[in-house]
Structure formats: C-alpha cells, structure tokens
Amino acid sequence: VPADGSHWLSMREVVDILGQRGHEVVVVAPEVTMRIKPSKNLVMKMYSVPYTPEEMEKDFKAFFQVAFEEVSFFERLLKVLNSMKRVTEYWVSSCEQ
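Source: prediction; values computed, not measured.

## Section: the packing of aromatic side chains
Across all of its chains, the model carries five aromatic pairs by this definition. Ring plane angle 80 degrees and centroid distance 4.7 Å describe the contact between Tyr51 and Tyr90, whose orientation is recorded as edge-to-face. Of the two residues, Tyr51 is situated in the loop between β2 (43-47) and α2 (53-65) and Tyr90 in helix α3 (residues 73-96); the sequence distance between them amounts to 39 residues. Overall, Tyr90 belongs to the buried group, its relative accessible area being 2%. Aromatic side chains Phe60 and Trp91 sit 6.1 Å apart centroid to centroid with 80 degrees between the ring planes, which places their arrangement in the edge-to-face category. Pair noted here: Phe60 is in helix α2 and Trp91 is in helix α3, with a separation of 31 residues, a long-range link.

## With respect to the side chain of Asp16
Its location among the elements puts Asp16 in helix α1 (residues 6-20). Owing to a relative accessible area of 17%, Asp16 belongs among the buried residues under this scheme. Among the polar contacts listed, one links the side chain of Asp16 to the side chain of Ser39, at a separation of 3.3 Å. Contact partners of Asp16, with chain neighbours within four places excluded, come to Ser39, Asn41 and Leu42.

Each value, and the rule that gives it
- Residues numbered from 1 in each chain as written.
- Predicted model: local features only at pLDDT ≥ 70, side-chain atom pairs only at ≥ 80, totals over all residues.
- Heavy atoms only, no water.
- Phe/Tyr/Trp six-rings, centres within 6.5 Å; stacked < 30°, edge-to-face > 60°.
- Helix = DSSP H or I, 4+ residues; strand = E, 2+ residues; numbered from the N terminus.
- Buried < 20%, exposed > 50% of the residue type's maximum accessible area, 1.4 Å probe, protein only.
- Polar contact = N/O pair within 3.5 Å; in protein donor to acceptor, adjacent residues only side chain to side chain.
- Contact = heavy atoms within 4.5 Å.

Below you can see the structure in the form of structure tokens.
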C-alpha cells in the first residue's frame, strides 16, 4: 500500500511499467492526496477522507517551515514533534478510511 509522498514516487514507475505490459493495475488512494494522480496505465479507486486539500497543505507547509525558524532548540523540538503528530494524523486517518 503506497503512502503519499516518497513511497508513491518510488512505486509510480513500477506501476506504470506493469500497466504498459498489459497488467491491470488498481490504485486505491484517498481523494485528498499530494502526489498520487491518475494515469492511463492504472485504474484509480478513490475514497473520501475527513480533511481538505487546504488543511493538508497548510499542515505540511508548517511542518517544513519549522526548520527555518530561529527559536531555541527546545522550542523547535516541540514544534517539530507537534508538526509530526499532525502530519501523521493524515496518514492514520487515511488508513482508517
């Protein structure tokens, strides 16, 4: 089960090649996704999730923005942990759905 992001980027080429060789490839993905997109070489099955693209984009941007903030080590650590928790909630929610 490829997760959105780097796991999917690695799988995408394999999935495309299998589709080109005549295999029927079905990808099940959340309706809100960053990288998993339809292709002529696969069938997409989408399922609903309880978050919007705007919410997900906002939280992912916040996650990466922490690295550029000039705050104390402990403040940054707390922000990183909170951001990681929020980003992880998207994956958990997606799996639950």
